[in-house]
Amino acid sequence: MFPSKRLSAFVAAVLAVAANAQSSGSTTTSTTSSAASSTSSAPASSAMSSSAMSSSVISSTSSTIPPTETGRSTLPISSYPFTPYPTPSDPPPLTGVFPSASPLNPPAVSSDPTIVPDFGPAWAEAWSKAQALVSSLSMEGKVNITTGNFWMGGLCVGNINPISDNGTYFPGLCLQDSPLGVRYTDFVTAFPAGINAAATWNRALIRQRGAYMGAEFKAKGVNVALGPMMNMGRNPEGGRNWEGFGADPFLSGASAYETILGMQSSGVQATAKHYINNEQEWKRTQESSNVDDRTEHEIYLAPFLKSVMAGVASVMCSYNLINDTYACENDRTLNQILKTEFGFQGYIQSDWSATMSTLSAVAGLDMTMPGDITFGSGTSYFGGNLTAFVMNGTIAASRLDDMATRIAASWYFLGQDQPGYPNEDHYELVRQMGASSAVLLKNNGVLPLKNIRSYSIIGSDAGPGLLGPNGYSDRGGDDGVLAMGWGSGSDQFPYLITPLEAIQARARLNRSSVNWVLNDYDYSLVQSTVAEQNVAIVFVNADSGEGYINVGGNLGDRNNLTAWHGGDALILAVAGANNNTIVVTHSVGPLIIEPWVDHPNVTAILWAGIAGQEVGNALVDVLFGDWNPSGRLPYTIAKNASDYPSEPIDGGAAAAILKVDYNEGLFIDYRWFDAMNITPRYEFGYGLSYSTFEYSKLCITPVANVDSYDAAAIANWEAGLPSPWGAGSSTAFWLHTPAYTITFDLTNTGAYYGGEIPQLYVHFPTDSGEPPSVLKGFTNANLNPGETQSVTISISRYDLSIWDVAAQSWVKPAGNITFTVGASSRDGRLYGTVPV
Ligand code: BGC
């Protein structure tokens, strides 16, 4: 479907410039394998014939090994020596800049983070404890720590059995979904989804959400929380986009970073997922996402790199293939990039049943989940097969030690050998985040609501579902207010405050009347109800989720970008009968809103996302002005679905592997609209306030190096030269500490107290192949009417670099780098040049 509608000659030209962005085979590029060979003893894997796999030595399970599909590259059977990957060498302690941090006590949150935590010492301590533990285990004990106890084998969705071996005891691990709360249990919070967390653009709230979720996981006895999720929303229809943090790598990276620092400060291990390029639900286990190395580094890897910097304990490899190699047996993405280039010191677990071979272990997989080859098969690629592979010398015993040590080290890293269980009330944050993530798209002066005597509330999305909040398994139904998508990314609602309930509670205080119609299709009743009222608030939604549940013909991914339950017609019916129609959407992602956005009677539009259990209260806070909206769009709302650069690819023969070429490269979401000069309806980063803000007095200052450490690397970078690829090269401190401080004045020129989200967009030289504008910083500031504040946004050398595929390095492109500070990706207010 992609080529017919989306790729143009222009983009082909742009991509040619970026052809530095050569196709990096997941396992085979000469550049990358030679780079890897200097630091790792892992085999440079190459494409192999399918016969190598079928001649597998896994005699005990050979009948259960699936045939190798066309287009799938796998590792040949041979012997694989192993030397553990070097961990990044720590700099000497740098006072005030990189304080050694325990994940239980991370640096305080800041709207302009300037401190890069150094988890090196905490990892080193955890590793030495883990090495002692693992050295006392038998081979079976080591294998057991890497192998889930099979589907439904324990209380969690994934479980490692307790191990009692040679007098050593390891209590096992419990791994549980989801990225927005603890799945499959009661008395937990249904937090706003990841997409709402990102829409707040507020690091403090995102950190707090992470900490509260972490505390709940821990209180339920979970060791490993299966989130956050950072797929990039490449396709607006992508079924699981709402679990993640939107369509920009910087915003997603910042959100992942704060979420992980928060979760792990509560003592639970976080899992960065799904690694990587799992951007559609259709055929997710049989699609090869074909991505060039530059796009991979600058877009899809970015939030995973930030996760590693946040000290994430675990990474989950995804179901799909990357450049023809399955994600969980992909030497390039697992060993070379994650463990070497990023210096990741935790462990890689498979998505559920995403392990495709025993040899995945040599490609970097450390743990198979839930343990069996297919759910309930009773067989495993690890377990007895891993033991056999180690015993016959195919897989080095030192690699098994490394797998077990990584898993045990993450357990020590989070202090999980020392129990302790917190208890807190978290609904207030849900309400605050719900309000902070609401994006005000249009307001003809009618909001906040004042002096309204009569309200009419229209649409099924305003009220409760007939089956209750948890009536559909894994929330796989769309009935009543939408506050969560469906699938493994969901949890149980402890309760669900609907907009109707919350508005009525407010109306009682204000002595107003409320009428409603929850039937989405009875237009004559709707029109007669709204006709006499001061205001009509109409609710519509759109849902999506994980592909194992089909909701209304949507197999995970959305079939289209229109509102569900005839939402467009319902809005038009209401607007046809009431000249003060306020639209509220609860949508997992963008919708096409052209049928009604410019209707003169549509006086306001509030884009509320999927906000969790306090959705009604959060909405009331915004509608009535208790909270001045400060949410900003974490994706673009287009005028036409065909304006987006890509969509999920469907079809494909049953046994075939679907080719999904990421032809748009770096040009996802707003980057595409900017490059192609397509006017969106509402751009990325957009959102109104009840107040107005003015920007002035821009200044950019280089940050003096506090220590001489890495002065040579910095000078090298400033000269536009690459730095050597190797252990931790992409997470090196000199690359990520602040290099420039951008300051400006912000004044609240309106009548309301409120928050503004200043955003920093960098413009690289045209021949760098970069999109016209890329987000590289944001902050949030709250101001009283008339108040002026000096605001700071810091940027690092990483933020000012592009990925040089040939050199495998972050480099400063030649030419002038300019930037804009503004209120959205298209609302620039101040302009400057980076003095390099
Ligand atoms: C999902 C993961 C989830 C796992 C366990 C898989 O289907 O892709 O995100 O963590 O199931 O429920």
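Since this is a predicted model, take the numbers as computed values, not measurements.

Taken as a whole and assessed by the stated rule, the structure comprises 12 cavities of 30 Å³ or more. Along the walls of the largest cavity sit 23 residues, with Pro113, Phe250, Lys306, His736 and Asp799 positioned nearest its centre. Among the elements of the structure, helix H9 (249-265), helix H11 (302-309), strand S23 (774-778) and strand S25 (788-796) are those that each provide at least two residues to the lining of the largest cavity. Here the lining of the largest cavity takes five residues from H9, the largest share from any one element.

This brings us to the site of the ligand. Neighbouring the ligand are 13 residues; Asp177, Arg240, His274, Asp351 and Glu546 lie closest to it. A distance of 2.7 Å is found between an oxygen atom of the ligand and a side-chain nitrogen or oxygen belonging to His274. One of the side-chain N or O atoms of Arg284 is found 3.3 Å from an oxygen atom in the ligand. Spatially, the ligand is embedded in the second largest pocket. Of the residues that constitute the shell around the ligand, the class distribution is four nonpolar, two polar and seven charged.

Where two cysteines share a covalent bond between their sulfur atoms, that bond is called a disulfide. Following the criterion strictly, the structure yields two disulfides and no others. For Cys156, the disulfide goes to Cys174, at an S-S distance of 1.8 Å. Here the residue Cys156 occupies a position in the loop between helix H6 (139-146) and strand S1 (158-160), and Cys174 occupies one in strand S4 (residues 173-176), the gap between them amounting to 18 residues. Note on Cys174: relative accessible area 12%, which makes it buried. Shown here is the disulfide that connects Cys317 with Cys328, its sulfur atoms set 2.0 Å apart. Because the torsion about its S-S bond is 110 degrees, the bridge between Cys317 and Cys328 counts as right-handed. With Cys317 in strand S8 (residues 314-317) and Cys328 in the loop between strand S10 (325-326) and helix H12 (331-341), this residue pair connects regions lying 11 residues apart in the sequence. The burial state of Cys317 is the same as that of Cys328; both residues are buried. What links to what in the protein chain: the bonded cysteines, counted in sequence order, pair as 1-2, 3-4.

In this section: the packing of aromatic side chains. Using the criterion set out here, one finds 20 aromatic pairs in the structure. Between the aromatic rings of Phe250 and Phe778, the centroid separation amounts to 6.1 Å while the plane-to-plane angle is 85 degrees, which identifies the pairing as edge-to-face. Linking Phe250 in helix H9 with Phe778 in strand S23, this pair joins segments that are 528 residues apart in sequence. The ring of Phe778 has Arg203 lying over it, and the distance from NZ or CZ to the ring centre is 4.1 Å. The ring of Phe82 has Arg399 lying over it, and the distance from NZ or CZ to the ring centre is 5.5 Å.

Taking strand neighbours across the sheet as the criterion, the three strands line up as S19-S20-S25 in an open arrangement whose pairing is antiparallel. Both edges of this open sheet fall to strand S19 (693-702) and S25, since each of them pairs with a single strand only. Going across the sheet, the axis of each strand differs from the next one's by a mean of 20 degrees, ignoring polarity. In the sheet, strand S20 (residues 738-748) pairs with S25 via nine bridges, with the strands oriented antiparallel. The residue bridging Pro738 from the neighbouring strand is Ser796, located in S25.

Turning next to the pairing of strand S15 (residues 535-542). The buried fraction of S15 amounts to eight of the eight residues, a majority that puts the element mostly inside the structure. Neither face of S15 is left uncovered, since the one carrying Val535, Ile537, Phe539 and Asn541 and the one carrying Ala536, Val538, Val540 and Ala542 both have all their residues buried. Here seven bridges tie S15 to strand S16 (residues 581-587), and the two strands are oriented parallel to one another. Bridge pairing in S16 places Val540 opposite Thr585. In this region the chain leaves S15, passes through helix H19 (residues 567-575) and returns to the parallel neighbour S16; the handedness of that crossover is right-handed.

The next point concerns the layout of surface pockets. When its volume is computed, the second largest pocket comes out at roughly 470 Å³. Trp151, Arg183, Trp352, Phe375 and Ser488 are, among the 26 residues lining the second largest pocket, the residues nearest its centre. Among the residues forming the lining of the second largest pocket, the class breakdown is 12 nonpolar, six polar and eight charged.

Together, Trp151, Met152 and Phe375 make up a nonpolar patch on the protein surface, roughly 340 Å² of accessible area in all. Considering the arrangement of structural elements, one finds Trp151 in the loop between H6 and S1. Of the residues examined, Trp151 reaches a relative accessible area of 34% and is grouped as partly exposed.

In this section: helix H5 (residues 120-135). For H5, spanning 16 residues, the distance from its first C-alpha to its last is 22 Å, which sits close to the expected 22 Å at 1.5 Å a residue. For H5, the full list of buried residues reads Gly120, Ala122, Trp123, Ala126, Trp127, Ala130, Leu133 and Val134. On an axial view of H5, the arc spanned by its buried residues comes to 145 degrees, and they lie on one face. In this structure, the buried residues of H5 make contact with H6, strand S3 (168-170) and helix H15 (397-413).

Another point: the nonpolar core. Tyr275, Leu386 and Leu775 are the most contacted members of the largest nonpolar core, which totals 167 residues. Here this core gets nine residues from one element, more than from any other, and that element is H15. Summarising the domain contributions, this core has at least three residues from each of domain 1 (426-650) and domain 2 (691-834). Residue contacts for Leu386: discarding those within four places in its chain leaves Val143, Thr146, Thr358, Ala361, Tyr381, Ile395, Leu400 and Met403. Listed in part, the 48 residues of the second largest apolar core include Ala193, Ile458, Val526 and Leu570.

Moving on: unusual backbone geometry. Note the cis peptide between Asp177 and Ser178, where omega equals 5 degrees. Relative to the elements of secondary structure, Ser178 occurs in the loop between S4 and helix H7 (194-200). Residue Pro370 is bonded to the preceding Met369 through a cis peptide linkage, with omega at -5 degrees. In this fold, Pro370 is placed in the loop between helix H13 (360-363) and helix H14 (383-391). Notably, Asp669 is not glycine yet its phi reads approximately 45 degrees, a positive angle. Among the structural elements, Asp669 can be located in the loop between strand S18 (658-661) and helix H21 (670-676). Among the residues examined, Asp669 registers a relative accessible area of 6% and is labelled buried.

Rules used in this analysis
Residues numbered from 1 in each chain as written. Predicted model: local features only at pLDDT ≥ 70, side-chain atom pairs only at ≥ 80, totals over all residues. Heavy atoms only, no water. 1 Å grid on protein atoms, 1.4 Å probe; cavity = no way out; pocket = protein on both sides within 12 Å on 5 of 7 lines; lining within 4 Å. Points joined across faces, edges and corners; volume = space filled by probe spheres on them. Helix = DSSP H or I, 4+ residues; strand = E, 2+ residues; numbered from the N terminus. Near = heavy atom within 4 Å. Polar contact = N/O pair within 3.5 Å; in protein donor to acceptor, adjacent residues only side chain to side chain. Sits in = over half its atoms within 2 Å of the grid points. Nonpolar A, V, L, I, M, F, W, Y, C, P; charged D, E, K, R; others polar. Disulfide = S-S within 2.5 Å. Buried < 20%, exposed > 50% of the residue type's maximum accessible area, 1.4 Å probe, protein only. Phe/Tyr/Trp six-rings, centres within 6.5 Å; stacked < 30°, edge-to-face > 60°. Lys NZ or Arg CZ within 6 Å of the ring centre and 35° of its normal. Pairing = 2+ DSSP bridges. Axes fitted to C-alpha atoms, helices over the stretch in contact; angles between N-to-C directions. Right-handed = clockwise from strand over helix to strand, strands pointing away. Patch = residues over 30% accessible without salt bridge, like charges linked within 9 Å, V, L, I, M, F, W, Y side chains within 5 Å. Areas by Shrake-Rupley, 256 points an atom, 1.4 Å probe, with all protein chains shown as cover. Salt bridge = Lys/Arg side-chain N within 4 Å of Asp/Glu carboxyl O. Expected span 1.5 Å × (residues − 1). Arc of directions from axis to C-beta. Contact = heavy atoms within 4.5 Å. Core = buried A, V, L, I, M, F, W, Y, C linked by side-chain atoms within 4.5 Å. Domains from an automatic or database assignment.

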